[in-house]
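Residue-level listing of the chains:
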Amino acid sequence: MRNLKRLVVVISSIFLLVGCNDQKIIETLGLMSVMCFDKPSDATEGEMLVTSRFPSFTEETSSKEITIDTVAYSKKDAERKLSAKTEQVIVNGQIRSLIFSEDFAADGINQVIHSVERDQEIGSQVKVVVSEGEASAILENIPTESTGNYVDKMLRKDAEQFNVPYSDIHHFSRDVLDDGIDPVAPLIGIEGGDVVLKGSALFKDDRYVGKLTIQESKVLLLLKGKVKKSDLVVKIPNATGYRTLYFSYNHSKPDAKVKKKGTDINQIDIHVEMVGSLLEDTGTKMKGDSTIDDKELEKLIDDHLRDEADRVIKVLKEKKADSLGIKRYVRNAVTYQEWQSLKKEDLIDKVPINVTFSIVLQDKGMLE
């Protein structure tokens, strides 16, 4: 019994010592949660301005974040230089987001993405994000002491609501390597001192070439694949300004057909079926108005979405960014020999794309 008590005391002491040592180790580490990439104002070729933020544990405070930056030629070079600017040992295992400015991303981001992928300390779910203006400015406008968590939760929430595309380094690299589609990433910016989701960043290979608004991003996601649940604000001009419909849909599924004659691709038809509810209609004359016609409302939403889809496709064609995966549709519809003989880079630009919608209103909410 006495020996058992001694064993318990020894084990407890070990755990206490380990806990103390862990605390001391944490205090010496700079756990990076986000890295921002900008172009230095007087940069030579290949230079990047890298900014990061991490918690600094001191006797005065246990969770104060500090921001440091450096000019470097690569991500690993930046980590070494950032570490030289603090008494803490910089570690990158907690990085959640890579934020690239539009200027930086326009030159291509594969170098950074590949470096992150090769780093065994970093997970594959690190988000790829593009920022309007300087990426480092995003850090200055986040109202929290947990920057990485804030950006990560914002992106995850809006991706789950199908407002913006989900893009981590794995998804981004996969789409860059796939000859049937170009990558898309979330676009963030600053409005009135707040960090907000602005829409989608369009890429041609790994180079940023353009952007879509939030509303256009929603339509892009409808055309790309199945959407589980989201909503749309439909604004229709009328004599007094706009009639606004709030359409919540819980099911949508696109179907694409490639029309070809011989080896020529004549047209691609994309049809999207949507089922949902009308939760608001500013054109309703009175509460409980029973004269609202489902077919009329369905057509209004249908016409609006076709206009939005045409606008999105026009942007993609202008930027030659195949964010829809048009090349993938064609690749699946032709033989291997036909695919190899096609000028793939011309498909998104030259092939007509016709989009139609089929809207079904299950109910009109409290309007019923």
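As a starting point, this report considers the structure included with it. Remember, predicted model here, so these are calculated numbers, not experimental data.

About the criteria used
- Residues numbered from 1 in each chain as written.
- Predicted model: local features only at pLDDT ≥ 70, side-chain atom pairs only at ≥ 80, totals over all residues.
- Heavy atoms only, no water.
- Salt bridge = Lys/Arg side-chain N within 4 Å of Asp/Glu carboxyl O.
- Helix = DSSP H or I, 4+ residues; strand = E, 2+ residues; numbered from the N terminus.
- Buried < 20%, exposed > 50% of the residue type's maximum accessible area, 1.4 Å probe, protein only.
- Polar contact = N/O pair within 3.5 Å; in protein donor to acceptor, adjacent residues only side chain to side chain.
- Contact = heavy atoms within 4.5 Å.
- Core = buried A, V, L, I, M, F, W, Y, C linked by side-chain atoms within 4.5 Å.
- Pairing = 2+ DSSP bridges.
- Axes fitted to C-alpha atoms, helices over the stretch in contact; angles between N-to-C directions.
- Phe/Tyr/Trp six-rings, centres within 6.5 Å; stacked < 30°, edge-to-face > 60°.
- Parallel < 35°, antiparallel > 145°, perpendicular 65-115°, else oblique.
- Nonpolar A, V, L, I, M, F, W, Y, C, P; charged D, E, K, R; others polar.
- Left-handed = near helix turned anticlockwise from the far one by under 90°.

For the structure shown, the criterion picks out 32 salt bridges. Put simply, Lys39 and Asp107 hold a salt bridge, and the shortest N to O gap is 2.7 Å. With Lys39 in the loop between strand E2 (34–38) and strand E3 (48–56) and Asp107 in the loop between helix H3 (102–106) and helix H4 (110–118), the pair connects residues that are 68 residues apart, well separated along the chain. Lys39 sits in the partly exposed class, given a relative accessible area of 43%. By relative accessible area, Asp107 is classed as exposed at 52%. A network of salt bridges, in which partner residues are shared, links Glu102, Glu132, Glu191, Lys198 and Lys211.

In this section: the side chain of Glu338. Here Glu338 lies in helix H11 (residues 336–341). At 3.0 Å, the side chain of Glu338 forms a polar contact with the backbone nitrogen of Thr335. In this structure Glu338 touches Lys260, Gly262 and Thr263, once residues within four positions along its chain are discounted.

Time to look at unusual backbone geometry. The backbone phi angle of Phe162 is positive, close to 55°, even though this residue is not glycine. Relative to the helices and strands, Phe162 is located in the loop between helix H6 (147–160) and helix H7 (169–177). Phe162 sits in the buried class, given a relative accessible area of 19%. Positive phi, close to 60°, is recorded for Asp205, a residue that is not glycine. Within the fold, Asp205 resides in the loop between strand E9 (194–204) and strand E10 (207–213). For Asp205, a relative accessible area of 37% corresponds to the partly exposed category.

Turning next to the nonpolar core. For soluble globular proteins, nonpolar side chains are generally found buried alongside one another. Within the largest apolar cluster, 45 residues are counted, with the highest numbers of intra-cluster contacts made by Leu223, Ile270, Met274, Leu305 and Phe357. Elements with a contribution of two residues or more to this core: helix H8 (214–224), strand E11 (230–238), strand E12 (241–261), strand E13 (264–281), helix H9 (294–319), helix H10 (326–333), helix H12 (347–350) and strand E14 (353–363). No other element matches the 8 residues that H9 contributes to this core. Look past the residues within four positions of Ile270 in its chain and what remains in contact with it is Leu223, Pro254, Asp255, Ala256, Leu324, Ile326, Tyr329, Ile353, Asn354, Val355 and Thr356.

Attention shifts here to the side chain of Ser173. Relative to the elements of secondary structure, Ser173 occurs in helix H7. Setting aside chain neighbours within four positions, we find Ser173 in contact with Ile113 and Glu117.

Our focus in this paragraph is the sheet that holds E11. The mixed open sheet is built from 4 strands, whose spatial order is E11-E12-E13-E14. Pairing within the sheet leaves two strands with one partner each, and these edge strands are E11 and E14. Going from strand to strand, the sheet's axes swing by 40° on average, the running direction of each strand aside. Strand direction decides the pairing type here: E13 and E14, joined by 10 bridges, are parallel. Its bridge partner being in E14, Ser277 is matched across the sheet by Asp363. Across the sheet, H8 lies against E11, E12, E13 and E14, angled at about 120° from E11, the strand it touches most.

This part takes up the packing of aromatic side chains. Two measures describe an aromatic ring pair: the distance that separates the ring centres and the angle between the ring planes. Scanning the model with the defined rule gives 6 aromatic pairs in all. With centroids separated by 5.0 Å and ring planes inclined at 85°, the aromatic side chains of Phe172 and Phe203 adopt a geometry described as edge-to-face. One end of the pair, Phe172, is in helix H7; the other, Phe203, is in strand E9, with 31 residues separating them in the sequence. Accessibility expressed as a relative area gives 0% for Phe172, which makes it buried. Judged by its relative accessible area of 0%, Phe203 falls in the buried class. Seen from their ring centres, Phe247 and Tyr249 are 5.7 Å apart, and the 35° between their planes marks the pair as tilted.

A few words on helix H2 (residues 75–83). Among the residues making up H2, those that are buried are Lys75, Asp77, Ala78, Glu79 and Leu82. Its side-chain oxygen 3.1 Å from the backbone nitrogen of Asp77, Ser74 forms the N-cap of H2.

Our focus in this paragraph is the packing of H8 against H9. Look at H8 against H9: their axes get within 9 Å of each other, and the N-to-C directions meet at 90°. Viewed along their axes, H8 and H9 adopt a mutual orientation that is roughly perpendicular. Taken together, the residues of H9 that come into contact with H8 (itself represented by Gln215, Glu216, Val219, Leu220, Leu222 and Leu223) are His304, Leu305, Glu308, Ala309, Arg311, Val312 and Leu316. Its residues placed into classes, the contact of H8 with H9 shows 8 nonpolar, 2 polar and 3 charged.

Our focus in this paragraph is the packing of H4 against H7. Their axes nearest at 10 Å, the elements H4 and H7 cross at an angle of 125°. The orientation of H4 relative to H7 falls into the category oblique. Classified by chirality, the crossing of H7 by H4 is left-handed. Every residue of H7 that contacts H4 at Asn110, Ile113, Val116 and Glu117 is listed here: Ile169, Phe172, Ser173 and Val176. Residues that form the contact of H4 with H7 fall into these classes: 5 nonpolar, 2 polar and 1 charged.

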